[in-house]
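# Close look at the chain arrangement
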Amino acid sequence: MRDLSNISDKWKVSYEEKINSSIDSLWDLISAPSNLELFHPFCKSNKTIKWPGKNSIDELIYLNGLTFIRKFKSWDEKRGYSLLIGEKDKDQSYVVWGITEKDKSIYLKITVYPYFLQNMPKIISFFPYKFVVIPALESYLKSVIGGINHYLKTGKIVPKNYFGGHKWFS
C-alpha cells in the first residue's frame, strides 16, 4: 500500500466543475455500485467486489483493456471519498472526490495524486508533469465530470469516448 503521510507534498492534478443537480442526486450517483458504467466515457466495465462505504473495492476496465482496482480509503456521506487506484499489485495513485456547495451551487472536484515520478525530485519531474501528465489528467477528469453532468441531466448512459478519445484509456 502507498504511504499517504506526505501526500500534500506530491504532484497533483485537480479539476472542479459545477454540477447541475442536488447533492443528494450527485451522491446517489457516485456512491452507487458499478456507477462508472453510467457516466465514465472511458469505462468498459466497473465490477463491484465489496460495496458500499470505506474499504469498498471495485474493478475498472478501461476501453483499451487496462484494468485498475479501486480501494476506497474514506467514505463521507454526501461529501465525498478517497481511494487508491492502479493495476493489481502495482503502484497506486491516490484520488479524492469532493462535493462542495458554493453560492447555492453544487460542485464536484476530483484530485489525483498520480504515482508515476512521485519518487523523483520535483526539479527532474517538473517538465514531464507540466507538459504530459497534467494536460492528460485534466482532460481525463474533465471528461469524467462532464459525463456525470450529462448523466444527471439526461438520465442516459454516457456513450464511450463521448467527449473524445483519451491516449491513455481509450
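Residues numbered from 1 in each chain as written. Predicted model: local features only at pLDDT ≥ 70, side-chain atom pairs only at ≥ 80, totals over all residues. Heavy atoms only, no water.

What the largest pocket holds in volume is close to 400 Å³. If you trace the largest pocket, you find 23 residues lining it, with Y62, F68, I85, Y140 and F169 closest to the centre. Mapped onto the lining of the largest pocket, the elements with two or more residues apiece are strand 3 (57-62), strand 4 (67-76), strand 5 (80-86), strand 6 (93-102), strand 7 (105-113) and helix 3 (122-154). The greatest single-element share of the lining of the largest pocket, amounting to four residues, is contributed by helix 3. (1 Å grid on protein atoms, 1.4 Å probe; cavity = no way out; pocket = protein on both sides within 12 Å on 5 of 7 lines; lining within 4 Å. Points joined across faces, edges and corners; volume = space filled by probe spheres on them. Helix = DSSP H or I, 4+ residues; strand = E, 2+ residues; numbered from the N terminus.)

On to the sheet that holds strand 4, then. One open sheet holds the seven strands; their spatial order is 1-7-6-5-4-3-2, and the pairing between them is antiparallel. Each edge of the open sheet is held by one strand with a lone partner, namely strand 1 (13-19) and strand 2 (43-50). Strand after strand, the sheet turns through a mean of 20 degrees between neighbouring axes, direction not considered. Contacts from helix 1 (residues 23-30) reach strand 1, strand 4, strand 5, strand 6 and strand 7, with the element oriented near 160 degrees to strand 6. Across the sheet, helix 3 is in contact with strand 1, strand 3, strand 6 and strand 7; its angle to strand 1 comes to roughly 20 degrees. (Pairing = 2+ DSSP bridges. Axes fitted to C-alpha atoms, helices over the stretch in contact; angles between N-to-C directions. Contact = heavy atoms within 4.5 Å.)

So, about the packing of aromatic side chains. Here the structure, examined in full by the defined rule, presents 22 aromatic pairs. Judged by centre distance (5.4 Å) and plane angle (85 degrees), the rings of W51 and W75 are edge-to-face. Here the residue W51 occupies a position in the loop between strand 2 and strand 3, and W75 occupies one in strand 4, the gap between them amounting to 24 residues. Where W168 meets F169, the ring centres are 6.2 Å apart and the plane angle is 80 degrees; that geometry is what we call edge-to-face. Judged by its relative accessible area of 7%, F169 falls in the buried class. In this structure an aromatic cluster arises from ring pairing among W27, F39, W51, F72, W75, Y81 and W97. When the ring centre of Y107 is taken as origin, the NZ or CZ atom of K102, which lies over that ring, is 4.9 Å away. The ring of W11 carries K122 above its face, with NZ or CZ at 4.8 Å from the centroid. (Phe/Tyr/Trp six-rings, centres within 6.5 Å; stacked < 30°, edge-to-face > 60°. Buried < 20%, exposed > 50% of the residue type's maximum accessible area, 1.4 Å probe, protein only. Lys NZ or Arg CZ within 6 Å of the ring centre and 35° of its normal.)

Among the surface-exposed residues, F126, F127, F131 and V132 lie close enough to one another that they form a single nonpolar patch of about 420 Å² accessible area. With respect to the helices, strands and loops of the structure, F126 is situated in helix 3. (Patch = residues over 30% accessible without salt bridge, like charges linked within 9 Å, V, L, I, M, F, W, Y side chains within 5 Å. Areas by Shrake-Rupley, 256 points an atom, 1.4 Å probe, with all protein chains shown as cover. Salt bridge = Lys/Arg side-chain N within 4 Å of Asp/Glu carboxyl O.)

With that settled, consider the packing of helix 1 against helix 3. A pair of packed helices can be characterised by two numbers: the angle between their axes and the separation between those axes. Packing of helix 1 against helix 3 brings their axes to within 11 Å, and their N-to-C directions diverge by 115 degrees. The angle between helix 1 and helix 3 falls in the class roughly perpendicular. Classified by chirality, the crossing of helix 3 by helix 1 is right-handed. Residues S25, L26, L29 and I30 of helix 1 form the contact with helix 3, whose own contacting residues are I148, Y151 and L152. (Parallel < 35°, antiparallel > 145°, perpendicular 65-115°, else oblique. Left-handed = near helix turned anticlockwise from the far one by under 90°.)

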